[in-house]
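# Structural description and commentary
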Amino acid sequence: MLSYMIVGLCLLMAMFSVEATDNPASLCDENTTTAALDWIVAQQHPTTGFVYSFDAPDSETWATDKSYSYDQAVAAIALLLNSPAGAANSVGASDYFDTAETLLTAMSGGLYRDGVTGYMSVPKTWDTSDGSVSSSSLRSDNIALVGYAFALHWLFTGKQDYAAEAEGISKWLYSRLKDAGGATDGRCVQGSDSATYCTTEHNVASFFTFHLVSYLVNATEPELSANLTSAAADVALALQTPLWLVDRFNMGLSDASRSLLAQTWGTLFLMGGGMDDLTEAAVRAAGALTYTEEKFRTTQVVVASGETADGYGSDADSSNSYHSDSVWSEGSLTVALAYFRGVSTTGSANFTQVLSRLQPVFNATSGGVLEGAAYSVVNADGSDIYPYAAVGGTGELLY
């Protein structure tokens, strides 16, 4: 069975005629979905093909000309998932599909390529206006998600326009595997080109990329397929054993720090075919999301409207030097997606309720989803949350 990671929240609601009865003006009504897709299209630079990660004022110089690789992947995946049926097989049938292909081509041109090994990797950030690399830092989650976007195009169209990119990225991820512990603990993908640290989030992304690319190359490159299948199995072991802590996921290997994305991405792994024992997978997923409700749920007034958004923060508790009292849209929407996988937790909301509670972070004027309700300092590395429409949250809504 092909394990799956990316399935659109709004797309699924439409497919299964799910209604967000708690709020008629759901984030997934047709008008909102179209507005969000159109906003992403409008964010694309006409020359380079990259999308601006933020719709921020010119005074925010850190954001005005930046295309984060993670956001580019999220945008491409969202556009591919929401392209009309058949668009992939006819020229010009969908603005969304055309935008996705232009963006994939831009990313392809901005990859690091090793002509000897065939490895390909992805910088953290490009300058939107000229396509140059603005941050050469390599993170395995960014790289895995970009690889997944290339592979998803291959899966949907049957065309190998970006097959080399999907394979090259998978080979780079494979080269970063290390033993996760004992003989039954599997292997894990290290966090960057230099760090030996393995995180849950990075390994979930790597698992699904290994799995999808191994499926795609099975007929033409059986040796590579076998290697990637083995890698996916080893990463699955790591996610089930050393990266799992009793009733929740660790932040990383030998790191029990609290992490929202470890719980939500970990749940996507458990419920997306990553664990053979489906009963145990459901129990663990429920534990991870119960923990999420207890430690990450928060409210915050949206500075632009005065409304209160009810979602999830990126930190665990306000006793930390960096607080969690900030509604982070991107992370909150991964909670909704995790609930859609059928997870049941005691006294917690279902995914339509999560979407309804997040309605205030949707920017009806622009069509994008605000990164956060208000400016918040959340991370020691300075990666704060801003009340600007952002590709990350908007894309998460659409996939």
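One can find the structure itself at the top, above this paragraph.
So, here is what we can say about the structure in this document. Fair warning: this is a prediction, and the values are worked out from it, not measured in the lab.

The rules we used
- Residues numbered from 1 in each chain as written.
- Predicted model: local features only at pLDDT ≥ 70, side-chain atom pairs only at ≥ 80, totals over all residues.
- Heavy atoms only, no water.
- Core = buried A, V, L, I, M, F, W, Y, C linked by side-chain atoms within 4.5 Å.
- Buried < 20%, exposed > 50% of the residue type's maximum accessible area, 1.4 Å probe, protein only.
- Contact = heavy atoms within 4.5 Å.
- Helix = DSSP H or I, 4+ residues; strand = E, 2+ residues; numbered from the N terminus.
- Expected span 1.5 Å × (residues − 1).
- Axes fitted to C-alpha atoms, helices over the stretch in contact; angles between N-to-C directions.
- Parallel < 35°, antiparallel > 145°, perpendicular 65-115°, else oblique.
- Left-handed = near helix turned anticlockwise from the far one by under 90°.
- Nonpolar A, V, L, I, M, F, W, Y, C, P; charged D, E, K, R; others polar.
- Phe/Tyr/Trp six-rings, centres within 6.5 Å; stacked < 30°, edge-to-face > 60°.

### Concerning the nonpolar core
Core analysis: the biggest nonpolar cluster contains 110 residues, and Met107, Phe150 and Phe210 have the highest contact counts within it. With sequence-adjacent residues up to four places away left out, Phe150 is seen in contact with Leu104, Met107, Ser108, Leu111, Tyr162, Glu165, Ala166 and Ile169. By size, the runner-up hydrophobic cluster in this structure holds six residues, among which are Ala63, Tyr386, Tyr388 and Ala390.

### Topic: helix α11 (residues 329-340)
With twelve residues, α11 should cover 16 Å at 1.5 Å per step; its first-to-last C-alpha distance of 17 Å lies within 8% of that length. Burial analysis of α11 places twelve of its twelve residues in the buried class, which makes it a mostly covered element. Among the residues of α11, those classed as buried are Ser329, Glu330, Gly331, Ser332, Leu333, Thr334, Val335, Ala336, Leu337, Ala338, Tyr339 and Phe340.

### Describing the packing of helix α4 (residues 95-109) against helix α5 (residues 140-157)
At a minimum axis distance of 11 Å, the contact between α4 and α5 shows a crossing angle of 135 degrees. Judged on the interaxial angle alone, α5 and α4 are oblique. In this structure, the crossing between α4 and α5 has a hand that is left-handed. The segment α4 lies against α5, with Phe97, Glu101, Leu104, Met107 and Ser108 engaging Val146, Ala149, Phe150, His153 and Thr157. Tallied by class, residues from the contact of α4 with α5 come to six nonpolar, three polar and one charged.

### Quick word on the packing of α5 against helix α7 (residues 200-216)
Contact pair α5 / α7: the axes reach a minimum separation of 8 Å and the direction vectors enclose 30 degrees. Considering the angle they form, α5 stands roughly parallel to α7. By crossing handedness, the relation of α5 to α7 is classed as left-handed. Where α5 abuts α7, its residues Ser140, Asp141, Ala144, Gly147, Tyr148, Ala151, Leu152, Trp154 and Leu155 lie against Glu201, His202, Ala205, Ser206, Phe208, Thr209, Leu212, Val213, Tyr215 and Leu216. Its residues assigned to classes, the contact of α5 with α7 shows twelve nonpolar, five polar and two charged.

### Observations concerning the side chain of Asp127
By secondary structure assignment, the location of Asp127 is in strand β5 (residues 125-127). In contact with Asp127, other than residues within four places in its own chain, are Asp65, Lys66, Ser132 and Ser134.

### As for the packing of aromatic side chains
Here the structure, examined in full by the defined rule, presents ten aromatic pairs. Taking 4.7 Å as the distance between ring centres and 25 degrees as the angle between the ring planes, the aromatic pair formed by Phe50 and Trp126 counts as stacked. Note that Phe50 is positioned in the loop between α2 (30-42) and β1 (54-55) and Trp126 in strand β5, a separation of 76 residues in sequence. Of the two residues, Phe50 and Trp126, both sit in the buried class.

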